[in-house]
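Here are the chains, one letter per residue:
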Amino acid sequence: MAEADHKILSAEIKLGSQYYFYMETQTALAVPDEDNCIVVYSSIQAPEYAESTISRCLGIPEHNVCVITRRVGGGFGGKAMKAIPVATACALAAYNLRRPVRMYMNRKTDMKTTGGRHPMEVTYNVGFKEDGKITALHLDILINAGIGTDISPLIPLFMVGAIKKYDWGAFSFDIKVCRTNHSSKSAMRGPGEVQGTFISEAVIEHVASVLSMDVDSFNMCNKWRQRGISRVPIVHEVLLRSNPGKVSILGDGSVAVEVGGIELGQGLWTKVKQMTAFSLSAIKCDGMGDFLDKIRIIQANTLSLIQEGLTAGSTTSECSCEAVRICCNILVERLTRIKENLQEQMGSVEWGILILEVEVNLLTGQTTILQSDIIYDCGQSLNPAVDLGQ
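Computed from a predicted model, the values in this text were never measured in an experiment.

Participant: Could you give an account of the overall build of the protein, naming the residues involved and the relevant values?
Facilitator: Helix and strand content of the protein: nine helices and 14 strands. Computed over the C-alpha atoms, the radius of gyration of the protein is 33 Å, more than 25% above the 21 Å expected from 2.2 N^0.38 for a compact globule of 390 residues. Taking all 390 residues of the protein together, the buried fraction comes to 39%. Seen as two clouds, the 37 positive and the 42 negative side-chain charges of the protein have centres 12 Å apart.

As structure tokens, then:
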């Protein structure tokens, strides 16, 4: 800061919250099942997390809890952690009453409970040269986390990553995550990164305004018409999560696919379906025209495909497609070998012969088998005693 020609001290920025406004509000349906089990249909971005929470709440093993998610009617982060209490409350009621229970929040209740984006109050000091080069920046940031923890401890990490896209010279910060009497805030579409980017650009705009660096030749020559160009760099750290996948080829040649990613309207199922068709087409079998019509994506089921994780961060579609591609490559390798072996063995048969000696009484019609001899070429028997009985 000592090297600066100009300083801006104790400037303030206030960032408000933001509601998700997804089409479908929080909802769940719980159905008691046999063997002390429960099936929960939940609109959630992380079925695995709901399964774990429901298990602990009901005091039953996780294998007694099945969470199914067909699709989510819009999420933007609001169906990640915030859908868990709804699914758990629904499961608790159904488990105790031993009858199906459905919960569906109206918009007003949903807005009160889901929280939304984290509000913040920012105070900054910035020093800069005459030519606009910033030499130092210090930030004091208060984050309103609401009453609960949720993902709030991660917000400072995401913010700093977005703020550091510029060279601030001597950069320091003091970020406090504050518990308040507001509703708990949660992840929302670039959590922390959006606020960090806004703070960075506000500081840059403030410095440019002080130095009057916004004037160009066009604006100098035109009194009544002005132009402006804004360049905002964006830095997003891509976090790749492990994502399971399963591809099954059925007897009629149709294909069933399961992935850990949840369809939120981002086209994940479409991408996975196309990847499956593309990868399996390497088998080059007859009758594979319109192969897309033979592929079905199965809804997420926590007992069918475990460790599904969280659908977030704009990478789940790619991770799901990669998991499916690996599965398909393994299947193609296996089926190619089978195809080659069948072609080599085409026309081969298994030999066997049966000889019977029979006596018939022509007066009474009585039939007696005097002797039966069977010869069967079974190759190398795995167990002669068992095969003889068969």
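Participant: A description of the environment of Arg325 should follow, citing residues and the corresponding values.
Facilitator: Within the secondary structure, Arg325 sits in helix α8 (residues 316-344). With 47 residues separating them in the primary sequence, Arg325 and Phe278 have C-alpha atoms 8.8 Å apart. Apart from the residues lying within four places of it in its own chain, the contact partners of Arg325 are Met275 and Ser279.

Participant: Go over a nonpolar patch on the surface with me, naming the residues and quoting the values.
Facilitator: On the surface, Leu354, Leu356, Val358, Val360, Leu362, Ile369, Ile374 and Tyr376 cluster together into a nonpolar patch covering about 880 Å² of accessible area. Those elements that provide at least two residues to the nonpolar patch are β13 (352-360) and β14 (367-376). Take the nonpolar patch: its biggest share by element is four residues, from β13. On the secondary structure map, Leu356 appears in strand β13.

Participant: Please provide a residue-by-residue account of the pattern of salt bridges, values included.
Facilitator: Tallied over the entire structure, the rule returns eight salt bridges. Across the pair Arg325 and Glu322 runs a salt bridge whose closest N-O atoms are separated by 2.8 Å. Taken as a pair, Arg325 and Glu322 lie in helix α8 at a separation of three residues, close to a single helical turn. On the accessibility criterion, Arg325 (31% relative accessible area) is partly exposed.

Participant: Before we move on, can you summarise the side chain of Glu258 with the specific residues and values?
Facilitator: Inspection of the secondary structure puts Glu258 in strand β10 (residues 255-259). Glu258 sits in the buried class, given a relative accessible area of 11%. Among the polar contacts made by the side chain of Glu258, one reaches the side chain of Ser304 at a distance of 2.6 Å. Not counting the four nearest positions on each side in its chain, Glu258 is found in contact with Pro244, Gly245, Lys246, Ile298, Ser304 and Leu305.

Participant: Summarise empty space enclosed by the protein; cite the residues concerned and give the values.
Facilitator: Across all of its chains, the model carries one cavity of 30 Å³ or more by this definition. Reported here for the largest cavity is a volume of approximately 40 Å³. Lining the largest cavity, in full, are Thr69, Arg70, Val259, Gly261, Ile262, Glu263, Trp269, Ile298, Gln299 and Ala300. Partitioned by chemical class, the residues of the lining of the largest cavity number five nonpolar, three polar and two charged.

Participant: Could you give an account of the pairing of strand β7 (residues 134-146), with specific residues and numbers?
Facilitator: Looking down a regular strand, the side chains alternate between one sheet face and the other. Most of β7 sits out of view: ten of its 13 residues are buried. Across nine bridges, strand β6 (residues 120-128) lies against β7 in antiparallel orientation. When the bridges of β7 are listed, Thr123 appears paired with Asp140. Taken together, the ten bridges between β7 and strand β8 (residues 170-179) define a ladder with parallel strand orientation. Bridging across to β8, Asn144 finds its partner in Cys178. Read from β7 through helix α4 (residues 155-163) to β8, the crossover connection turns out right-handed.

The rules behind the values
Residues numbered from 1 in each chain as written. Predicted model: local features only at pLDDT ≥ 70, side-chain atom pairs only at ≥ 80, totals over all residues. Heavy atoms only, no water. Helix = DSSP H or I, 4+ residues; strand = E, 2+ residues; numbered from the N terminus. Rg over C-alpha atoms; globule rule 2.2 N^0.38 Å. Buried < 20%, exposed > 50% of the residue type's maximum accessible area, 1.4 Å probe, protein only. Lys, Arg positive; Asp, Glu negative; His and termini not counted. Charge placed at Lys NZ, Arg CZ, Asp CG, Glu CD. Contact = heavy atoms within 4.5 Å. Patch = residues over 30% accessible without salt bridge, like charges linked within 9 Å, V, L, I, M, F, W, Y side chains within 5 Å. Areas by Shrake-Rupley, 256 points an atom, 1.4 Å probe, with all protein chains shown as cover. Salt bridge = Lys/Arg side-chain N within 4 Å of Asp/Glu carboxyl O. Polar contact = N/O pair within 3.5 Å; in protein donor to acceptor, adjacent residues only side chain to side chain. 1 Å grid on protein atoms, 1.4 Å probe; cavity = no way out; pocket = protein on both sides within 12 Å on 5 of 7 lines; lining within 4 Å. Points joined across faces, edges and corners; volume = space filled by probe spheres on them. Nonpolar A, V, L, I, M, F, W, Y, C, P; charged D, E, K, R; others polar. Pairing = 2+ DSSP bridges. Right-handed = clockwise from strand over helix to strand, strands pointing away.

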